[in-house]
Amino acid sequence: TFDDKDAWICYDFKEFKVHPTHYAIRSRYDASDVNGSPCNWCIEGSNDNQSWEILDTRKKETSLKYANASNVFEIQKKLAKDEFYRYLRIHQTGPNTAENSYFTLSALEYFGAFI
């Protein structure tokens with residue numbers, strides 16, 4: 001993204017709904033002090049793309065600081081067995097490791113069940 005606050009990336013699973021348990025992020029191949037890597041974000045779920053529920057929050061996360069770094073994160077919120085979402089998004093909630101608002105990453109994967 002540009003150096004704008006409040007950036008996010010949303011996945012629309014269309015006719016499916018997802019019960020997320022984990023997600024993986026990989027930093028850019030050229031992560032640097034200029035570009036930065038994500039370190040402040042939340043994962044949100046929605047079924048109407050209007051109201052969002054926070055499923056996971058990370059603050060000052062350092063595991064993605066270097067080029068091609070990756071990590072798998074467990075969804076912190078304990079979801080009910082029948083809790084599924086059509087939309088999942090990662091929402092940057094603070095500056096990246098370079099202390100700016102560029103929101104850059106190489107990969108984002110969600111894991112769990114779907115219907």
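Computed from a prediction, not measured in an experiment: that's the story for all the values here.

Calculation rules
- Residues numbered from 1 in each chain as written.
- Predicted model: local features only at pLDDT ≥ 70, side-chain atom pairs only at ≥ 80, totals over all residues.
- Heavy atoms only, no water.
- Phe/Tyr/Trp six-rings, centres within 6.5 Å; stacked < 30°, edge-to-face > 60°.
- Helix = DSSP H or I, 4+ residues; strand = E, 2+ residues; numbered from the N terminus.
- Buried < 20%, exposed > 50% of the residue type's maximum accessible area, 1.4 Å probe, protein only.
- Pairing = 2+ DSSP bridges.
- Axes fitted to C-alpha atoms, helices over the stretch in contact; angles between N-to-C directions.
- Contact = heavy atoms within 4.5 Å.

S.K.: A description of the packing of aromatic side chains should follow, citing residues and the corresponding values.
M.R.: For the structure on display, the rule yields seven aromatic pairs. Ring centres of Tyr-23 and Phe-73 lie 5.3 Å apart, and the angle between their planes is 25°; this geometry places the pair in the stacked category. Of this pair, Tyr-23 sits in strand β2 (residues 18-26) while Phe-73 is found in strand β5 (residues 70-74), placing the two residues 50 residues apart along the sequence. Of the residues examined, Phe-73 reaches a relative accessible area of 3% and is grouped as buried. Through successive ring pairs, a cluster of aromatic residues spans Tyr-11, Phe-13, Tyr-23, Trp-41, Phe-73 and Tyr-110.

S.K.: Give me the lowdown on the sheet that holds strand β4 (residues 53-58), citing residues and values where you can.
M.R.: Two modes of strand pairing occur in sheets, parallel and antiparallel, and in both the strands are linked by backbone hydrogen bonds. If you walk across this open sheet you meet the four strands as β1-β6-β3-β4, and the pairing is antiparallel. Lying at the two open borders of the sheet, with one neighbouring strand each, are β1 (8-12) and β4. Strand-to-strand twist of the sheet, defined as the mean angle between neighbouring strand axes without regard to direction, takes the value 15°.

S.K.: Describe the sheet that holds β2, and please don't skip the residues or the numbers.
M.R.: Spatial ordering of the open sheet is given by β5-β2-β7, a layout of three strands whose pairing is antiparallel. Pairing within the sheet leaves two strands with one partner each, and these edge strands are β5 and β7 (107-114). Taking each pair of neighbouring strands and ignoring which way they run, the sheet shows an average axis angle of 20°. Here five bridges tie β2 to β5, and the two strands are oriented antiparallel to one another. What sits directly across from Ile-25, in β5, is Asn-71.

S.K.: Help me get a handle on the environment of Thr-21, residues and values and all.
M.R.: Within the fold, Thr-21 resides in strand β2. On the basis of relative accessibility, which here comes to 31%, the residue Thr-21 falls in the partly exposed class. In this structure, Thr-21 is in contact with Phe-73, Glu-74, Ile-75, Phe-111 and Gly-112, ignoring residues within four places of it in sequence.

S.K.: A description of the environment of Ile-90 should follow, citing residues and the corresponding values.
M.R.: Within the element layout of this structure, Ile-90 appears in strand β6 (residues 87-92). Overall, the relative accessible area of 0% leaves Ile-90 in the buried class. Ile-90 sits 73 residues away from Lys-17 along the chain, and the two C-alpha atoms are 16 Å apart. Residues within four places of Ile-90 in sequence aside, it is in contact with Ala-7, Trp-8, Ile-9, Ile-25, Trp-41, Cys-42, Ile-43, Phe-103, Leu-108 and Tyr-110.

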